[in-house]
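Structural features, examined
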Amino acid sequence: KQWYQRRVRGNKRVLKYSDMLVETGLSSSRDLEQVIIQSIQHNVLDCKIDEANEQVFVNQISGYNVTAEQQDYLLDSLAKWSESCRTITESMQADVNNATCKLKTNVKETVEFQKAVEAAKASVKKEKPHREASSAKSRKRLA
């Protein structure tokens, strides 16, 4: 919108795809057309698309009347917000990676602990008949 407003101020209501691709950073005419169509559907743009000559005839653009200074402020604010979101996302991904690593470690430790418990149970079962015999002998001596 900002780019368009600069162009319209120069009394240029015809926008070339090539210029819009450069300004928007989009890579194909198809992507640009999709953005333009979405803008039309959302009542942001009133325009005609000339696909054959790859240009757009703009009748009107809707939106708030924002000064150039306000646009710069908004753009700066959005850039900061975007950077903040990126930082938070990276931090969250690091937390997820750490939690996944800890979970894997805990699962391994749990499996090892369960094996140790089973081994201890098996050992107790083997010793149980021996213990019962020796405790019976101890009772006889005491009696």
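The rules behind the values
Residues numbered from 1 in each chain as written. Predicted model: local features only at pLDDT ≥ 70, side-chain atom pairs only at ≥ 80, totals over all residues. Heavy atoms only, no water. Helix = DSSP H or I, 4+ residues; strand = E, 2+ residues; numbered from the N terminus. Buried < 20%, exposed > 50% of the residue type's maximum accessible area, 1.4 Å probe, protein only. Contact = heavy atoms within 4.5 Å. Expected span 1.5 Å × (residues − 1). Arc of directions from axis to C-beta. Salt bridge = Lys/Arg side-chain N within 4 Å of Asp/Glu carboxyl O.

**Notes on the environment of Ile40**
With respect to the helices and strands, Ile40 occurs in helix α3 (residues 29–41). We classify Ile40 as partly exposed; its relative accessible area is 30%. It is 9.4 Å that separates the C-alpha atoms of Ile40 and Ile61, two residues lying 21 residues apart in sequence. In this structure, Ile40 is in contact with Leu45, Cys47 and Ile49, ignoring residues within four places of it in sequence.

**Some points on α3**
The end-to-end C-alpha distance of α3, which contains 13 residues, comes to 18 Å, matching closely the 18 Å that a straight helix rising 1.5 Å per residue would cover. By the burial criterion, the buried members of α3 are Leu32, Glu33, Ile36 and Ser39. Buried residues along α3 cover an arc of 120° about the axis, so they all sit on one side. Turned more than 90 degrees away from the buried face of α3, the exposed residues are Arg30 and Gln41. Among the structural elements, α2 (17–24), β2 (45–50) and β3 (55–61) are those in contact with the buried residues of α3. The positive-phi residue at the C-terminal boundary of α3 is Asn43, with phi of around 60°.

**Considerations on the pattern of salt bridges**
Applying the stated criterion across every chain, the model contains four salt bridges. Measuring nitrogen to oxygen at the nearest pair gives 2.3 Å for the salt bridge that ties Glu90 to Arg86. Of this pair, Glu90 and Arg86 both sit in helix α4 (residues 68–142), separated by four residues, roughly a single helical turn. In this structure Glu90 comes out as partly exposed when scored by relative accessible area, which is 45%. Three or more residues joined by partner-sharing salt bridges are found here, namely Glu83, Arg86 and Glu90.

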